[in-house]
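# Structure at a glance
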Amino acid sequence: MNKKRILLKVTGEILIDKKTALLCDKGVRFIAQQIKYLSETHYFGIVIGGGNFFRGSKHGTKLGITPSVGDQIGMLATMMNGLIIKDLFEQEGVSASLFCAVPAPEVGAPISQQTIKTALDKGNCLIFSGGTGNPFFTTDTTAILRGLQIEAQEVWKGTHIDGIYTADPRKDVHAQLLKHVTYQEALKSELRIMDATAFALAKEHHLKIRVFDIFKENSLVYAATHEDFGSTVE
Ligand code: UDP
């Protein structure tokens, strides 16, 4: 059977306990368990964010440091998360290969079609860290880029919200859920679910995006088995 290939983008906040604001392994272990459960039908590549440690636009700006330096620190944050995730995945019985867009051979493998193919042939889950390796990009754009590189059928953006809304539902009670959005609509409107670079790249290559609440129990299993789970951009 041909397995479906998915690129999952996970925010670094998956590693934060909402109550204590401290690092926490629970969310990552749940993801690993679901990936293991779906391993007969799905291959996963993961792009991990770094927002639990450092975001260039937020923390870097606050410190008053040069934007590109802030972004480099953000990329290093995603690499720390990559190491955490790989270790926890393997503890949960999910074989994983860690890739690093910023050269750091002791941390992860360089990203090329050969290294990706080798990991896929082994049946490993691919964990991509270091973003695109360049400042002024986001891990959302990275997710589309890596999705294209692994020839994913869909990019899943796991976030805090259960889909795409006309406004932030945490701030606006009139915000409406949009189940299906075109790339054009996503680009035109201020749907801040992903940045315009990410949408533009997905549009150019017709890569479908699914947005859902990754903090919901069994969200990956739902996304894999329910076509109408979350919102889609295509
Ligand atoms: N980043 C970057 N280039 C990239 C990807 C990420 O410079 O290609 C930096 C950027 O500063 C970003 C930080 O890495 O704020 C962490 O990523 P992100 O904010 O996307 O993490 P998330 O919110 O998903 O946890």
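These numbers were taken from a predicted model, which means no experiment stands behind them.

## Examining the layout of surface pockets
Space inside the largest pocket adds up to approximately 1300 Å³. Around the largest pocket, the lining is made up of 48 residues, and of these Lys-9, Arg-55, Thr-138, Asp-140 and Lys-157 lie nearest the centre. Listed by contribution, the elements that provide at least two residues to the lining of the largest pocket are α2 (56–63), α3 (67–91), α5 (139–149), β5 (154–159) and β6 (164–165). By residue number, the principal contributor to the lining of the largest pocket is α3, which donates five residues. For the lining of the largest pocket, a count of residues per class yields 14 nonpolar, 22 polar and 12 charged. What lines the second largest pocket is a set of 19 residues, and nearest its centre among them are Ile-14, Lys-26, Gly-27, Phe-30 and Phe-215. Put simply, the parts of the chain that give the lining of the second largest pocket at least two residues each are α1 (26–37) and α8 (219–225). Here the lining of the second largest pocket takes six residues from α1, the largest share from any one element. Residue composition of the lining of the second largest pocket, by class: eight nonpolar, five polar and six charged.

The rules behind the values
- Every chain begins its residue count from 1, and numbering advances along the sequence as written.
- In view of the model being predicted, local features appear only for residues whose pLDDT reaches at least 70, and side-chain atom pairs are presented and counted only at 80 or more, with totals across whole chains, interfaces and linings using the full set of residues.
- Derived side-chain values reflect all non-hydrogen atoms in the structure, with water molecules and hydrogen atoms excluded from consideration.
- The distinction between a cavity and a pocket rests on a 1 Å grid over the protein atoms alone: a 1.4 Å probe fits inside a cavity but cannot get out, while a pocket stays open yet meets protein on both sides within 12 Å along at least five of seven lines, and a residue with an atom within 4 Å of a point counts as lining.
- Grid points are joined across faces, edges and corners, and a volume is the space filled by probe spheres set on the points.
- Every helix listed is a DSSP run of H or I at least four residues long, and every strand listed is a run of E at least two residues long, numbered separately from the N terminus.
- Residues are sorted three ways: Asp, Glu, Lys and Arg are charged, Ala, Val, Leu, Ile, Met, Phe, Trp, Tyr, Cys and Pro are nonpolar, and all the rest, Gly among them, are polar.

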